[in-house]
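Understanding the architecture of this molecule
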Amino acid sequence: MSKQSPFRYFKTSPEIIRLAVMLYVRFPLSLRNVEYLLHERGIEVSHETVRFWWNRFGPMFASEIRRNRISRMRSYSNWQWHLDEVFVKINGETHYLWRAVDHEGEVLESYVTKRRDRKAALKFLKKSMKRLGRPHIVVTDKLRSYGAAMKDIGNLKHQETGRWLNNRAENSHLPFRRRERAMLRFRQMRCLQKFASVHNHFNQERHLYSRDNFKLNSTAALTEWRQLCSA
């Protein structure tokens with residue numbers, strides 16, 4: 001049985017839908033900014049249509065991107081993870097965005113919780129390791145929740161902590177903060193989780209690559225995006 005296209009009930013072409021969602025994810029733009037950019041290209045859509053496309057296809061794109069990357073990442077056995085968490089305000093309530101970043105600066109996993117205790121750290125670690133396998137080294141800050149969670153899963157001997165060792169994970173929060181300012185903060189926990197899952201696809205960490213490698217990585221990311229959910 002052939003796979004049905006998720007775009008089959010939409011009059012708009014899949015290329016335009018992917019373009020609108022990409023603009024909203026890739027750059028710190030509002031929905032009305034995306035509407036204006038599409039208008040300049042001769043595409044007349046409302047900002048509410050862009051919102052609907054993002055809510056409908058955002059999780060679907062994130063799931064397919066994650067599935068494709070996990071199949072490639074599982075082949076690495078001797079790699080290093082950097083774990084960190086950042087405070088996020090949602091409707092005046094403090095939440096925590098946990099991130100796992102590899103030694104090249106690519107965000108592997110993101111997870112949103114209401115607490116920053118051992119239970120939350122353990123759930124984040126189990127979720128990441130179930131999808132990606134166990135890393136050779138795990139670099140964290142001195143938050144005790146990491147040590148307690150690593151002890152529970154029997155991986156404490158692979159943990160490293162240091163003053164500047166975790167800068168890789170700290171720097172990965174900067175694009176997220178720019179997006180947060182553009183959206184005037186997030187209003188729902190699931191919206192934050194959805195954006196954190198998709199945004200990393202285009203976050204290429206320009207300062208870590210030569211120009212040639214950066215262009216190759218950007219082209220590969222754009223090509224993969226254009227092929228998402230294709231029938």
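Just above sits the structure.
Below you will find a few notes about this structure. The structure presented is a predicted model; accordingly, all values stated were derived computationally and were not measured.

Now for the overall build of the protein chain. Looking only at helices and strands, the protein chain has 9 helices and 5 strands in total. Moving toward the C terminus, one meets the helices and strands of the protein chain in the order α-α-α-β-β-β-α-β-α-β-α-α-α-α. Taken over 231 residues, the protein chain has a buried fraction of 48%. Relative to all contacts within the protein chain whose residues are 6 or more apart in sequence, the contacts with residues 24 or more apart total 60%. Of the roughly 13200 Å² that the protein chain leaves accessible, carbon and sulfur atoms contribute 50%.

Here strand β4 (residues 137-140) shows no split at all, with Ile137 and Val139 on one side and Val138 and Thr140 on the other all buried. As defined by bridge partners, β4 adjoins strand β5 (residues 159-161) across 3 bridges and the pair is classed as parallel. Paired with Val139 across the strands is Glu160, a residue of β5. One crossover worth recording links β4 to the parallel β5 by way of helix α5 (residues 144-152), and it is right-handed.

Let us now look at the sheet that holds strand β3 (residues 107-113). One open sheet accounts for 5 strands, arranged β3-β2-β1-β4-β5; its pairing is mixed. Strands with a single pairing partner mark the edges of an open sheet, and in this sheet they are β3 and β5. Mean inter-strand twist for the sheet, computed between neighbouring axes without regard to direction, equals 25 degrees. Pairing between strand β1 (residues 80-90) and strand β2 (residues 93-102): 10 bridges, direction antiparallel. The partner of Ile90 across the bridge, within β2, is Glu93. On top of the sheet, helix α4 (residues 118-132) reaches β1, β2 and β3; it is set at about 145 degrees to β3, its chief contact.

Along an α-helix, a turn takes 3.6 residues, which lines up residues three or four apart on a common side. Where helix α2 (residues 31-40) is concerned, the buried positions are Leu31, Val34 and Leu38. Across the axial projection of α2, the buried residues extend over an arc of 60 degrees, all falling on one side. In α2, the exposed positions that point more than 90 degrees away from the buried face belong to Arg32, Tyr36 and Glu40. Where α2 terminates, the next one or two residues include Gly42, which has phi positive at roughly 85 degrees.

The next point concerns the pairing of β3. The buried fraction of β3 is high, at 7 of 7 residues. Strand direction decides the pairing type here: β2 and β3, joined by 6 bridges, are antiparallel. The partner of Val101 across the bridge, within β3, is Val107. Counted along the chain from β2 to the antiparallel partner β3, the turn is 4 residues long, and its residue Gly105 has a positive phi close to 90 degrees.

As a further point, take the packing of helix α1 (residues 14-26) against α2. Relative to each other, α1 and α2 sit at 135 degrees, their axes nearing to 10 Å. Here α1 lies oblique to α2, going by the angle between them. Considering how the two elements wind past one another, α1 and α2 form a crossing that is right-handed. Contacts between α1 and α2 involve Leu19, Ala20, Leu23 and Tyr24 from the first element and Leu31, Val34, Leu37 and Leu38 from the second.

Before going further, it helps to examine the pattern of salt bridges. All told, the structure shown has 5 salt bridges when counted by the stated rule. Salt-bridge contacts for Arg116 lead to Glu85; the nearest nitrogen and oxygen are separated by 3.2 Å. Of this pair, Arg116 sits in the loop between β3 and α4 while Glu85 sits in strand β1, placing them 31 residues apart in sequence. Given the relative accessible area of 9%, Glu85 is considered buried. Here Arg118 makes a salt bridge to Asp152, at a shortest N to O gap of 2.6 Å. Placement of Arg118 in helix α4 and of Asp152 in helix α5 is noted, with a sequence separation of 34 residues between them. A single salt-bridge network, built from bridges that share partners, covers Glu109, Lys127 and Arg131.

What counts, and at which threshold
Along each chain, the written sequence defines residue order, and numbers are assigned to residues from 1. For a predicted model such as this one, the threshold for reporting local features is a pLDDT of at least 70, and the threshold for listing and counting side-chain atom pairs is 80 or more; totals across whole chains, interfaces and linings nevertheless cover every residue. To obtain the side-chain values, all non-hydrogen atoms of the structure were used and water was disregarded. By the criteria applied, helices consist of DSSP H or I runs no shorter than four residues and strands consist of E runs no shorter than two, each listed in order from the N terminus. For every residue, the accessible area (1.4 Å probe, protein chains only) is compared with the maximum for its type, and the residue is labelled buried under 20%, exposed over 50%, or partly exposed between those bounds. The contact rule is simple, with two residues in contact once any of their heavy atoms fall within 4.5 Å. Per-residue and other accessible areas follow the Shrake-Rupley method at a 1.4 Å probe size, with only the shown protein chains counted as cover for residues. A pair of strands is treated as paired once DSSP finds two or more bridges between them. A right-handed crossover is one whose linking path, passing over the helix from the first strand to the second, runs clockwise when the strands point away from the viewer. Between N-to-C directions, angles span 0 to 180 degrees; the directions come from axes that are lines fitted to C-alpha atoms, helices contributing only their stretch in contact. What the arc describes is the spread of directions from the helix axis to the C-beta atoms. Working definition: roughly parallel below 35 degrees, roughly antiparallel above 145 degrees, roughly perpendicular at 65 to 115 degrees, and oblique for all remaining angles. Crossing handedness follows the turn of the near helix against the far one: under a right angle anticlockwise gives a left-handed crossing, and clockwise gives a right-handed one. The term salt bridge refers to a pairing of a side-chain nitrogen on Lys or Arg with a carboxyl oxygen on Asp or Glu at a separation within 4 Å.

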